[in-house]
Protein chains: 2
Amino acid sequence: MSNAIWVPIGVGLLAILFTVFLANYVLRKDTGTPEMQKVSNAIFKGAMAFLNRQYRTIAILSIFAAIVVAIVLYFLSAGNNAVKFDLAWRTAIAFLIGALCSGISGYTGMYVAVKSNIRTASAATRSLGEALTVALRGGAVSGFLVVTLSLLGVSLIFLIYSIGNSIDKVPSLIVGFGFGASFVALFAQLGGGIYTKAADVGADLVGKVEANIPEDDPRNPAVIADLVGDNVGDCAGRGADLFESTTAENIGAMILGISLYLVTKNPGWILFPLVVGSFGLIASAIGLLWIRPSVVTEPDKAAGRDPGEIAMQQLTIGYYITCILSVIGVFIGSYLMLGNSLQAHTLPAWVWFGLAGTVGILLSIAFVYITQYYTSGTWRPVREIADASITGPATTIISGVSVGLECTALPVLAICVALGISYTLGSQVIIPVTISNSVINVGGVFGTAVATVGMLMSCAYVLAMDSFGPITDNAGGITEMSGQAESVRDITDALDSVGNTTKALTKGYGIGSAALAAFLLFSAYLDVLYTYRHSPSAYQVNLSNIPVFIAALIGLTLIFFFSSLAIRAVGKAATNMIEEVRRQFRENPKIMAERVEDRVDPDYARCVDISTRGALRAMVLPGVVAVLTPILIGVILGPTAVAGLLMVGTMGGVVMALFLNNGGGAWDNAKKYIEAGYLRINNKTGAVVDRLASGSDITVLGKKSEAHKASVVGDTVGDPFKDTAGPSLHVLIKLLSTTTLVLAPLYIFLHP
Amino acid sequence: MSNAIWVPIGVGLLAILFTVFLANYVLRKDTGTPEMQKVSNAIFKGAMAFLNRQYRTIAILSIFAAIVVAIVLYFLSAGNNAVKFDLAWRTAIAFLIGALCSGISGYTGMYVAVKSNIRTASAATRSLGEALTVALRGGAVSGFLVVTLSLLGVSLIFLIYSIGNSIDKVPSLIVGFGFGASFVALFAQLGGGIYTKAADVGADLVGKVEANIPEDDPRNPAVIADLVGDNVGDCAGRGADLFESTTAENIGAMILGISLYLVTKNPGWILFPLVVGSFGLIASAIGLLWIRPSVVTEPDKAAGRDPGEIAMQQLTIGYYITCILSVIGVFIGSYLMLGNSLQAHTLPAWVWFGLAGTVGILLSIAFVYITQYYTSGTWRPVREIADASITGPATTIISGVSVGLECTALPVLAICVALGISYTLGSQVIIPVTISNSVINVGGVFGTAVATVGMLMSCAYVLAMDSFGPITDNAGGITEMSGQAESVRDITDALDSVGNTTKALTKGYGIGSAALAAFLLFSAYLDVLYTYRHSPSAYQVNLSNIPVFIAALIGLTLIFFFSSLAIRAVGKAATNMIEEVRRQFRENPKIMAERVEDRVDPDYARCVDISTRGALRAMVLPGVVAVLTPILIGVILGPTAVAGLLMVGTMGGVVMALFLNNGGGAWDNAKKYIEAGYLRINNKTGAVVDRLASGSDITVLGKKSEAHKASVVGDTVGDPFKDTAGPSLHVLIKLLSTTTLVLAPLYIFLHP
């Protein structure tokens, strides 16, 4: 056992302290006016009620799954009883711990996020700088907790399971941890995603479109459900997603390191991802603390410049600091852990792997830029949709679908280039021919693993930016609903625009890292197959083999089918919500009374309840389909066929998620583009003119215009795409792999 | 050389005579009133103008492509100069002949279809039975011509190229024919698809939604373009698509038969698809002639029954006759061609293959039923969309996307089951171990080939039903625009509803057969690779190999990207059309004058011209991307990687086409469901009630309701999905394979 395992454990414990420091900073802040508290408490109550019920359901499902897995592995795998029993209980326990850690990080992160929103709103009454810091640190609690718990969980369980086991056997015993994490993540993301969009669609369609009241207006019965949704969907959902990515990446890379450990006897190959992951945590913390709230320009002193943009620059600088430190970290990690335990061409092995890690870090930056191109109003795609909205909702949708489908190309090319380069870099090491599975290029595959590790080093920072989104969104809602002054709203508006940007960018990061992590996982799966079969054929996922082809086709179809279920779930829950909101407006006209003093509050709780029940009921079917399909194929068609399902399913998941995420994001921003008054036409020709053109013959098609209404339809359609189905696919592709990894002994037992 | 080659040639020549008989029957019919002729002539002029310009562009592209292919094969392939020269010129000539045949069948079929519409309209003034016969026979000209020219083309070129060549070398020399066919088909389908939907979207959005005039109203400037579009899109496009499928199936199956010919020395294995294809042609002709117009019930005597449904029954009976005869034909064909030239388990080999062919025929029936389930108003999916339209366009779109994504599952399962079973059936033959490429299961793969042959036996009949659609649609338009009596319109309405059903069903058939044909083609490609490499590794398309994985991922992304380009092209062309129609209404108020006698005709020609130019310009980019991507990957990553691109690209194409076709079809029928007055709600609860419920508390949400408007948005969004991008994908997946087959020598030369 190498002492290096103490690095992630030590850093992990420090990171817990850091999280406590951040949480403490946030919670000590004041909680604003009673009006603010009223709104905030309603959000808190709704969010916690949902989370409690959701995690109770997930806990039941998890315990059931753990028992089934243990029974299956005990009765339906090869080996003597002692070996089978050992495998069964260790996998089940690891599964439950993984599930628990995922649950804790989601739950706690959300708790702090919900507590942060009112404090951000209150800080906004004083300054943008302070509000920014509160929101960012509140979000960082979630971000750091997720990454830390994943790292600590994997490290500790590795440490414990390696007692009495040879170190190379341990990674396969802890894949259950990854399965547990992805199992919980799938339901958390699905449930949260359905919740948030059912509420959002309901609130928008009746409130904004039919009743013509602004967003976050307290007269809208669904408004609290909508604000709750931002937390449970974006915050808890993405947390669970990236918890899974880091876990999958760590376990996958460890499994891939085993064969290199076996040749070199250097345990560094196995522990590499954990150590470099800890360096990433440090880099993220430094990047976060680098941000200077004092540099931010207050809206009242902005003098025409966009205070949101200036604040965003700060976050971008922090991100680059994190990336630069990550590059240094991955080189140091490679040097310390891998050193020269293998020969390589031209340069030492650790340099090649350091470069491979750098490729992963560059990929994360590329993803951020590509996402920005496709979803920000500054570029062609969003403008194209905005222009199409002039001819009505149908052309808005057609144009958005076209943009969404188009935007799969660049990210996929980026992934292909990153995989190709990191593979080539890794291939520069010279693997002694004695290595057991020389049928594949072990160095090359490990190169792709290092790239994945590199990409995920900035995970904590990215997650902090991501949770920042719902916090600022909620702060804006609280400010609006509690009737604060214009100047306060200027500050929360600036924050909100920053939050919208970060949310879109982190979704790109989420799918990119999910793709790489999944690639690791199925490489790891093939390694596991090899340990059973000891034949080069274990590495052949040959599509011209009919069962593999069929499984692959089913894998791809599963992606479409799963997306359908997720989208339909939102549609159904939203329909219930729409009917409820309409009912309240109809049966209780006092909600919309002319004079403010005559008004009564709508029944927020009922809407919250409809979202909660709808989401919990609807998340089960897609979740179960996702878990059972690969298992069925593995049982019927065997372990090689299921590898085909994994790989093509992963490709399909990546491409489909890009379509859904970016298409949805582009519609969203096309609407914002129009609301900002950038869509302008020439009165005579009807042609679209420059977004800043002015003059007597220019008409601005802004809020309330027909074009705006069409863009709201686009935005609404995009909602379940980008916030339910898309992010759930991130999780699904990892779940496919972890399910298969855990149940590999079953498939091999049935198809020896 | 076997005498069997004369069977397809003889049957093909007879089929040509049959086509002439059909065309003659139609053209001898009377051409109605002068008002009808005015409309019909405008359609004829527009369609021919487009077709002439389109085929001129395609001809230029084809000649260019043929030259490039010849040059590439001559300079960049292995072997001595004589061999290379032979390959180069034969491929280029085959390419041009394939392109020409595809062009002739598309052009002539369309010509007769456009001539049939007025004759159908005129016959409708007399009886439904006569109108049905005219429309069906007019459509059958196109259907039989397509299949016959494909069969004759392949047979004749096979006959000619086999002079001086050993028979097993010939199939690879004629793959150029398939490439030529798919090349033309891609541009024909894309151009036609863009044309028809740009016109349709333009006509609907301004005419129906904004100006509130009915469909096919002569005041709509885009109405002629819309009617022209039905012909050039549905008729010429689908003809080119299925020309390609039959060609691809014939050539692919012939290549797969080579290795069995080499063991058995029975040329029947190679000629099997051509002979069975001729039997299919005979079966289709009998099925078509079986239909009894006299059995049809005239609308005025229908007594409450739906005359369209009764007419549809006749077509269904004809289809089943064709299927039953096809089953008999495939058994006879197997017995005559394959006989007992190979031993098999339990039963004679020909029985096993006869059963495999039957599986294909059953698959075609399954596809028809599944398509019906997802796109007909009788079942859940369409009703779900209709219900969602009550809450507006956004939920209509969300619900339709969800249905579209869902409906990929059953057809894919059907394809998987058919592939699995036919493979197993084929595996029952005992292949002597001496066969060169025993690394794969040659019998099993040939079994899938026979299933494909079986599925495509009814092609001519299906195509006749398909072309029936635009003819009846146009007849309806002519009747409406020339102001015929109500009773005539009842007849054309009944015909139109039949046409809509057949159009949807044949699209399902199109994608199913495209999937199987593509599967054949890449199996054939691997066989070709083997002839160059003589190593079992030629058959391994191993996804765990990084270049293969990358190529596969790019193949899948190509599908998304291509769909994006196709959809965007429609969006752009439609925007121009919308602007033009609005301009005409604005600048020429007399078009919409109150009194009929004050009205002037709008400028139809300008709209026709906008569609024509838009379609021709827009079809080039997606077409070029589709052709160049596999070539680039083959050149850069090599012949095995490109096989990965083919296979995963094909899977993606199939699933995406199902999504686009059925999603679009479901929206279309949800709109029709509402127009038929089936969407009814309870006034008090707002809940949807049974489609035939009535009473004082029931409101029918029919035409002009908000729900109807929402459903029109859904229909419009679905238009480019189901009529442009979806069908183009059918062609694309075959094009990917034929390009690769033709350029295999290049890839092998660059990556020896």
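Predicted model, so just to flag it, every value in this text is computed and none were measured. (Residues numbered from 1 in each chain as written. Chains lettered and ligands numbered in written order. Predicted model: local features only at pLDDT ≥ 70, side-chain atom pairs only at ≥ 80, totals over all residues. Heavy atoms only, no water.)

Chemist: Explain the packing of aromatic side chains here, please?
Modeler: Centre distance and the angle of the planes are the two values used to describe a pair of aromatic rings. Residues and elements named next belong to chain A. Counting across every chain of the model gives 62 aromatic pairs over all chains. Seen from their ring centres, Phe44 and Tyr111 are 5.7 Å apart, and the 75 degrees between their planes marks the pair as edge-to-face. Taken together, the residues span a long stretch of sequence, with Phe44 in helix α2 (residues 34-75) and Tyr111 in helix α3 (residues 81-124) at a distance of 67 residues. We classify Phe44 as partly exposed; its relative accessible area is 22%. Ring geometry for Phe353 and Phe446: centres 5.5 Å apart, planes at 85 degrees, overall edge-to-face. Placement of the pair is Phe353 in helix α10 (residues 349-375) and Phe446 in helix α14 (residues 442-455), with a sequence separation of 93 residues. Each member of the aromatic cluster is reached from another via a ring pair, and the members are Phe95, Phe179, Phe183 and Phe187. The ring of Tyr161 is capped by Arg90, whose NZ or CZ atom sits 4.8 Å from the centre of that ring. (Phe/Tyr/Trp six-rings, centres within 6.5 Å; stacked < 30°, edge-to-face > 60°. Helix = DSSP H or I, 4+ residues; strand = E, 2+ residues; numbered from the N terminus. Buried < 20%, exposed > 50% of the residue type's maximum accessible area, 1.4 Å probe, protein only. Lys NZ or Arg CZ within 6 Å of the ring centre and 35° of its normal.)

Chemist: Would you mind showing me how to read the interface of chain A and chain B here?
Modeler: Interfaces are often sized by the accessible area lost when the parts come together. Contact residues are listed per partner, giving 63 residues for chain A and 63 residues for chain B. For the pair chain A and chain B, the two sides together bury roughly 5,800 Å², of which 81% comes from carbon and sulfur. Interface area lost by chain A to chain B is led by A:Ile398, A:Phe560 and A:Met651, which between them contribute 12%. Between the two partners, chain A and chain B, sit four salt bridges. Counting across the chain A and chain B interface gives 18 residue pairs in polar contact (both at pLDDT 80 or more). Those elements giving two or more residues to the side of chain A that touches chain B turn out to be α11 (380-388), α12 (393-406), α13 (409-426), α16 (486-533), α17 (546-587), α19 (639-675) and α20 (706-750) of chain A. (Contact = heavy atoms within 4.5 Å. Buried area = accessible area lost by both parts, 1.4 Å probe. Salt bridge = Lys/Arg side-chain N within 4 Å of Asp/Glu carboxyl O. Polar contact = N/O pair within 3.5 Å; in protein donor to acceptor, adjacent residues only side chain to side chain.)

Chemist: Can you help me understand the sheet that holds strand β1 (residues 680-682) of chain B in this one?
Modeler: For sheets, the rule is that strands pair by backbone hydrogen bonds, running either parallel or antiparallel. Residue and element names in this part refer to chain B. Taking strand neighbours across the sheet as the criterion, the three strands line up as β2-β1-β3 in an open arrangement whose pairing is antiparallel. A strand with exactly one partner marks an edge of an open sheet, and here the two such strands are β2 (688-689) and β3 (698-700). Sheet topology note: the β1/β3 ladder contains three bridges and is antiparallel. From the neighbouring strand, Asn682 faces β3, where its bridge partner is Ile698. (Pairing = 2+ DSSP bridges.)

Chemist: Would you mind going over the nonpolar core with me for this structure?
Modeler: The tendency in soluble globular proteins is for nonpolar side chains to be buried side by side. A:Tyr525 and B:Tyr525 are the most contacted members of the largest nonpolar core, which has 568 residues in total. Ignoring anything within four residues of it in the chain, the contact list for A:Tyr525 reads A:Pro639, A:Val642, A:Ala643, A:Leu646, A:Thr740, A:Leu741, A:Ala744 and A:Tyr747. (Core = buried A, V, L, I, M, F, W, Y, C linked by side-chain atoms within 4.5 Å.)

Chemist: Whenever I open this one, the confidence of the model for chain A confuses me. Can you help?
Modeler: If pLDDT is low for a region, its predicted coordinates should not be looked at in detail. On average, residues of chain A score 88 in pLDDT, and 99% of them reach the 70 mark or higher. Predicted as a complex, the structure gets a pTM of 0.93 and an ipTM equal to 0.93. (pLDDT = per-residue confidence, 0-100.)

Chemist: In this structure, what is going on with the packing of α13(A) against helix α17 (residues 546-587) of chain B? I would like to understand it.
Modeler: Between α13(A) and α17(B), the least distance of the axes is 10 Å, while the angle of their chain directions is 175 degrees. Relative to α17(B), the element α13(A) is oriented roughly antiparallel. Here α13(A) contributes A:Ala409, A:Val412, A:Leu413, A:Ile415, A:Cys416, A:Leu419, A:Gly420 and A:Tyr423 to the contact with α17(B), which in turn contributes B:Ile546, B:Phe549, B:Ile550, B:Leu553, B:Ile554, B:Thr557 and B:Phe561. Its residues placed into classes, the contact of α13(A) with α17(B) shows 13 nonpolar, two polar and no charged. (Axes fitted to C-alpha atoms, helices over the stretch in contact; angles between N-to-C directions. Parallel < 35°, antiparallel > 145°, perpendicular 65-115°, else oblique. Nonpolar A, V, L, I, M, F, W, Y, C, P; charged D, E, K, R; others polar.)

Chemist: I keep staring at the sheet that holds strand β3 (residues 698-700) of chain A and nothing clicks. Help me out?
Modeler: What the three strands build is an open sheet, ordered β2-β1-β3 (chain A); its pairing is antiparallel. Only two strands of the sheet have a single partner each, and these edge strands are β2 (688-689) and β3 of chain A.

Chemist: Explanation requested: the relation of the copies chain A and chain B in the structure shown.
Modeler: One copy of the chain maps onto the other through a rotation about an axis plus a displacement along that axis. Superposing chain A onto chain B takes a rotation of 180 degrees plus a shift of 0.0 Å along the axis, which leaves an RMSD of 0.0 Å. Taken together, the rotation and translation describe the operation of a two-fold axis. Taking C-alpha positions as reference, the residue of chain A nearest the rotation axis is A:Asn542, located at 2.2 Å. Both copies contact each other with a shared surface, as 100% of the interface residues of chain A are interface residues in chain B too. (Least-squares fit on C-alpha atoms with pLDDT ≥ 70 in both.)

Chemist: Is there a simple way to explain the pattern of salt bridges in this structure?
Modeler: Any two side chains of opposite charge can pair, so long as their charged atoms come close to each other. Inspection of every chain in the model, using the stated rule, returns 60 salt bridges over all chains. A:Arg568 is paired through a salt bridge with B:Glu406; the nearest N and O atoms lie 2.6 Å apart. Highlighted residues: A:Arg568 in helix α17 and B:Glu406 in helix α12 (residues 393-406), drawn from two different chains. With respect to class, A:Arg568 is no different from B:Glu406; both count as buried.

Chemist: Teacher, can you tell me more about a nonpolar patch on the surface here?
Modeler: Together, A:Ile63, A:Ile67, A:Ile71, A:Phe75, A:Leu76, A:Leu96, A:Leu632, A:Val635, A:Ile636, A:Phe749 and A:Leu750 line one region of the surface with nonpolar side chains, adding up to about 970 Å² of accessible area. One can find A:Phe749 in helix α20. (Patch = residues over 30% accessible without salt bridge, like charges linked within 9 Å, V, L, I, M, F, W, Y side chains within 5 Å. Areas by Shrake-Rupley, 256 points an atom, 1.4 Å probe, with all protein chains shown as cover.)

Chemist: Please explain a negative patch on the surface as it appears in this structure.
Modeler: A grouping of A:Asp300, A:Glu486, A:Asp490 and A:Asp493 is seen on the molecular surface, where their side chains present a negatively charged patch. Within the secondary structure layout, A:Asp300 lies in the loop between α8 (268-290) and α9 (307-337). (Lys, Arg positive; Asp, Glu negative; His and termini not counted. Charge placed at Lys NZ, Arg CZ, Asp CG, Glu CD.)

Chemist: Please clarify how the state of the cysteines should be interpreted in this entry.
Modeler: Covalent bonding between the sulfur atoms of two cysteines is what defines a disulfide. One pass over the full model with this rule turns up zero disulfides over all chains. Note on A:Cys459: no disulfide assigned, nearest cysteine sulfur contributed by A:Cys323 at a separation of 12 Å. (Disulfide = S-S within 2.5 Å.)

Chemist: Help me understand the environment of A:Thr472 in this model?
Modeler: All names here are of chain A. Here Thr472 is to be found in helix α15 (residues 459-481). Overall, Thr472 belongs to the buried group, its relative accessible area being 0%. Thr472 sits 135 residues away from Met337 along the chain, and the two C-alpha atoms are 41 Å apart. The residues contacting Thr472, other than those within four sequence positions of it, are Ala135, Leu495, Asp496 and Gly499.

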